[in-house]
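Listed here are the chains, written in short residue letters.
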Amino acid sequence: MSAALTRRTLLKLCGGVSLVGAMAGALRAEGLAAPVAPRTASSLPFALTTPVHVGEVSLRAKDMALLKRYYQQMLGFEVIREDTDMVTLGAGGTPLLNLLNRPNAEYEAGGEAGLYHTAFLMPSRADLAQWLVHVAINQIPLVGFADHSVSEAVYLADPEGNGIEVYSDRSKEGWVWNEGRVTMGTKPLDVDDILEKTGTGTDRDVYTGAPSALRIGHIHLKVGALEKVRSFYQAGLGLDVTSGSDERGASFLSSGGYHHHIGANIWESENAGQRNEATTGLDWFSLTTADAAIIDRQKEQLKAQGFTFTETDNGIEASDPWGTRVRLAKV
């Protein structure tokens, strides 16, 4: 399989559109080279070294077994633990994705607040390239591709409609900042360059499982109002606004100078009310920190903003203005 054929195969997985069309899909979501050995990373990506970062995501699944198979095939996750009520998947022994068994749940309706996508961060561009060949060979449907200046991203949706991003970051030294705001564009993704510059062979699948340092880099939410996002995630949980505007209908927030750990938009959900806990979709996600003082500080800030929280074994849990539970935990 040539690099060009892989490119065409990837486009076919997006419904036969051009790369420009695939980029639009991302906006809506947002002599063969010799195969190289599966890659692992000895250290975590920058997104996971900041004072606060995303830990786990939990989804309410109508068909837990189906979603388990999908994430195992698509990303190569390992089973961390499993029982009749929940399966936890992850990489390198680290739990990342919890699937909660909800066979009687109705599918989450359009226009409501909830999950836009969970973004799984590959440790390197080479890992992203190997994964791209894996999804092409296994004919796993894609939604779109995009070059976001700070990162290179591929978009999918799981069988129950939960949005997914798989991406790798460019070096943070090349990110462009201006007065505390980072430039994040959306351009066509150069798939050929990813494959060629990483020396990734395209004739066989060498992606044998999720890299041990794969993590959740960020989570992107559908919300009802951006000012409420800033009240909860910025003023309450202490994240910094790094990009976005009311005019763009989106806001992006992070800790420690990352481009974003939380994204939020009103593109499909403006004025949405409280979420229905009896439907599928996002149930809770966690933000983690190694500093207990951060948790103590955010308790006071949440109180000051009028938000309540409950104590957990290793931190606190609060609900955002639309009812999504967020755990701030010490690890």
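Worth saying up front: this structure is predicted, and the values here are computed from it rather than measured.

(A) How the structure looks around the sheet that holds strand β11 (residues 215-222). Taken together, eight strands build an open sheet; the order of strands is β6-β7-β8-β5-β11-β14-β13-β12 and the sheet is mixed. The two strands at the open ends of the sheet, each matched to only one other strand, are β6 (144-147) and β12 (240-245). Looking at each pair of strands side by side, their axes are set apart by 20° on average, direction ignored. Where β12 and strand β13 (residues 250-254) come together, five bridges link them in antiparallel fashion. Note that in β13 the partner of Asp240 across the bridge is Ser254.

(B) Representation of the nonpolar core in the model. In this structure, Tyr71 and Trp131 are the most contacted members of the largest nonpolar core, which totals 74 residues. Among residues more than four places away in sequence, those in contact with Trp131 are Met74, Leu75, Met122, Val154, Leu156, Val166 and Tyr207. Ala47, Ala146, Met184 and Phe252 belong to the second-largest nonpolar core, a separate cluster that totals 15 residues.

(C) Seen up close, the packing of aromatic side chains. Counted according to the given criterion, the structure contains nine aromatic pairs. Taking the centre distance of 5.3 Å and the plane angle of 90° together, the rings of Tyr70 and Tyr71 count as edge-to-face. Owing to a relative accessible area of 11%, Tyr70 belongs among the buried residues under this scheme. Among the aromatic side chains, those forming a connected cluster through ring pairs are Phe232, Tyr233, Phe285 and Phe307. The ring of Tyr107 is capped by Lys62, whose NZ or CZ atom sits 5.8 Å from the centre of that ring. Between Lys172 and the ring centre of Phe46, over which it is positioned, the NZ or CZ distance is 5.2 Å.

Here is what the cut-offs are and how they apply
- Residues numbered from 1 in each chain as written.
- Predicted model: local features only at pLDDT ≥ 70, side-chain atom pairs only at ≥ 80, totals over all residues.
- Heavy atoms only, no water.
- Pairing = 2+ DSSP bridges.
- Helix = DSSP H or I, 4+ residues; strand = E, 2+ residues; numbered from the N terminus.
- Axes fitted to C-alpha atoms, helices over the stretch in contact; angles between N-to-C directions.
- Core = buried A, V, L, I, M, F, W, Y, C linked by side-chain atoms within 4.5 Å.
- Buried < 20%, exposed > 50% of the residue type's maximum accessible area, 1.4 Å probe, protein only.
- Contact = heavy atoms within 4.5 Å.
- Phe/Tyr/Trp six-rings, centres within 6.5 Å; stacked < 30°, edge-to-face > 60°.
- Lys NZ or Arg CZ within 6 Å of the ring centre and 35° of its normal.

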